[in-house]
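# A closer look at the structure
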Amino acid sequence: MEKKRFGLAAAVVFLALVQVSVSVPFIVLHGIAAACSEGKEANFTQLLSNFSGSPGFAFGNGELDSWFMPLAKQAEIACEKVKQMKELRQGYNIVGRSQGNLVARGLIEFCDGGPPVYNYVSLAGPHAGISSVPMCGSGLWCEIADELIKSDIYSDFIQDHLAPSGYLKIPTEMKKYLESSKYLPKLNNEIPGQRNSTYKERFASLHNLVLIMFEDDKVIVPKDSSWFGFYPDGDFGPLLTVRETKLFKEDWIGLKPLVDTGKVEFVSIDGAHLRMSNVDIVKYVVPYLQNQSSSEQKIQPQNQGAFAYLKEKISHHSYVIVKKP
């Protein structure tokens, strides 16, 4: 209990010292089966703006496109949008939700001529891939998606018409994955002889990277993918931590120097997929949407609500675990 009080009290102090007036804008990239105009996504972006005092913008192509538009195309559209927005010209921060994190990383790694990305907060991102695709649900378009999932996931047709196929990584089919998957192998610089140093440099240039994993996540399988952990090639176990993967040890994307210089925070939350309390959001997301120019800054008026909320909840809110992989 004392640890919990101390951790949340520290969050209050940190929040109080942040100067909101110099905060850069941020964007939120929604996950699969979601849309920017949807209440949940719009409310989440507004919540982050209210707590941080920073202007926020919801990004995404809508519910249908999140299933059926290839991730490369989604990232291309997002790239053009950030380059056109005058609000983002001096740089911005990113918050990604689930599949939206792969579009976020596409912005960071692939977007030629785009404004710089400073801080990147990943909520339940399938960064190392997923070993199975969740069924869509009910309704006509979900029936179509589910039928596509049951087909040859590495065929050109499926890769071009089902977004999750771009990061489906079956450990026992690595040869087919590396040859035919059209998105994640490129994003993670996994293909020998085709590793792009520019992608690595851009990812390594982040000021801060926050990787949030949800302990009861049943959507991202394995959940450790949110920390870049995954199964070994050729088998479904035992799981490899990020430090045990070739991606990290051979430094394919610049993650290793980020970790080595203390710019990565690995956070594990005791909850289901994307189930995050407001207190946890204020503690682990909000600080990275603000610029801290001086440790002597007073709490800004825009932050009074978040400050009061945290202060009220310190003594009785559930805990968050922060641990090294």
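Above this text sits the structure in question.
The structure contained in this document is the topic of the report that follows. (Residues numbered from 1 in each chain as written. Predicted model: local features only at pLDDT ≥ 70, side-chain atom pairs only at ≥ 80, totals over all residues. Heavy atoms only, no water.)

Another point: the overall build of the protein. Within the protein one finds 14 helices and seven strands. The buried share among the 325 residues of the protein stands at 51%. Summarising the internal contacts of the protein: among those between residues at least 6 apart in sequence, 75% fall at separations of at least 24. As displayed, the protein has an accessible area near 14,200 Å², and 52% of this comes from carbon and sulfur atoms. (Helix = DSSP H or I, 4+ residues; strand = E, 2+ residues; numbered from the N terminus. Buried < 20%, exposed > 50% of the residue type's maximum accessible area, 1.4 Å probe, protein only. Contact = heavy atoms within 4.5 Å. Areas by Shrake-Rupley, 256 points an atom, 1.4 Å probe, with all protein chains shown as cover.)

Okay, the pattern of salt bridges next. Side chains that differ in charge, positive against negative, can pair when their charged atoms come close. All chains considered together, the criterion is met by 10 salt bridges. Residue K169 is joined to E190 by a salt bridge in which the shortest nitrogen-to-oxygen separation is 2.8 Å. Of this pair, K169 sits in the loop between α7 (156–161) and α8 (174–180) while E190 is found in the loop between α9 (184–187) and α10 (197–204), placing the two residues 21 residues apart along the sequence. When sorted by exposure, K169 lands in the same class as E190, which is buried. (Salt bridge = Lys/Arg side-chain N within 4 Å of Asp/Glu carboxyl O.)

Next up on the list: the packing of helix α5 (residues 100–110) against α10. Where α5 contacts α10, the two axes come as close as 7 Å, and the packing angle between them is 110 degrees. Looking at the two axes, α5 sits roughly perpendicular to α10. Packed against α5, whose contacting residues are R105, I108, E109 and F110, the element α10 presents Y199, R202 and F203 at the interface. Tallied by class, the residues present in the contact of α5 with α10 amount to four nonpolar, no polar and three charged. (Axes fitted to C-alpha atoms, helices over the stretch in contact; angles between N-to-C directions. Parallel < 35°, antiparallel > 145°, perpendicular 65-115°, else oblique. Nonpolar A, V, L, I, M, F, W, Y, C, P; charged D, E, K, R; others polar.)

Further remarks concern α5. Taken across its 11 residues, α5 has 11 buried, putting it largely inside the fold. Buried within α5 we find G100, N101, L102, V103, A104, R105, G106, L107, I108, E109 and F110. Residues of α5 that are buried sit in contact with β1 (26–29), α4 (71–84), β3 (92–97), β4 (117–123), α9 and α10.

So, on to the packing of α4 against α5. Orientation of α4 relative to α5, taken along the N-to-C sense of each, is 55 degrees, at an axis distance of 9 Å. Considering their axes alone, α4 and α5 lie oblique with respect to each other. Every pair of crossing elements has a handedness; the one defined by α4 and α5 is right-handed. Each of L71, Q74, A75, A78, C79 and V82 in α4 lies in contact with α5, whose residues at this interface are L102, V103, G106 and L107. Split into classes, the residues belonging to the contact of α4 with α5 amount to eight nonpolar, two polar and no charged. (Left-handed = near helix turned anticlockwise from the far one by under 90°.)

Here we come to the pairing of strand β5 (residues 208–214). Among the seven residues of β5, six are classified as buried, and the element is accordingly described as predominantly covered. As paired elements, β4 and β5 share five bridges and run parallel to each other. Its bridge partner lying in β5, Y120 is registered against L209. (Pairing = 2+ DSSP bridges.)

What follows covers the nonpolar core. The tendency in soluble globular proteins is for nonpolar side chains to be buried side by side. Formed by 79 residues in total, the largest nonpolar core has its most connected members in I94, L107, I212, L255 and V285. When near neighbours in sequence (up to four residues on either side) are disregarded, L107 contacts I27, L29, A75, A78, C79, V82, Y92 and I94. (Core = buried A, V, L, I, M, F, W, Y, C linked by side-chain atoms within 4.5 Å.)

Now for the side chain of H127. With respect to the helices and strands, H127 occurs in the loop between β4 and α6 (140–149). Judged by its relative accessible area of 0%, H127 falls in the buried class. In terms of polar contacts, H127 uses its side chain to reach the side chain of S122, at 2.7 Å. Excluding anything up to four places from it in sequence, H127 contacts N101, L102, R105, Y120, S122, L184, N188, L211, S225, S226 and F228. (Polar contact = N/O pair within 3.5 Å; in protein donor to acceptor, adjacent residues only side chain to side chain.)

A separate point is the packing of aromatic side chains. Under the defined criterion, the tally for this structure stands at seven aromatic pairs. With 5.4 Å between their ring centres and 70 degrees between their planes, W227 and F266 make a pair best called edge-to-face. Placement of the pair is W227 in the loop between β5 and α11 (246–249) and F266 in strand β6 (residues 264–269), with a sequence separation of 39 residues. The pair formed by W227 and F266 is uniform in burial state, with each residue classed as buried. Judged by centre distance (5.3 Å) and plane angle (65 degrees), the rings of F230 and Y231 are edge-to-face. Like F230, the residue Y231 is buried in the burial classification. (Phe/Tyr/Trp six-rings, centres within 6.5 Å; stacked < 30°, edge-to-face > 60°.)

Here we come to the state of the cysteines. This model, assessed by the stated rule, comprises one disulfide. One disulfide bridge connects C79 with C111, the sulfur atoms lying 2.1 Å from each other. Between C79 and C111, the S-S torsion sits near 80 degrees, and that sign places the bridge as right-handed. One end of the pair, C79, is in helix α4; the other, C111, is in the loop between α5 and β4, with 32 residues separating them in the sequence. C111 matches C79 in its accessibility class, with the two residues each being buried. (Disulfide = S-S within 2.5 Å.)

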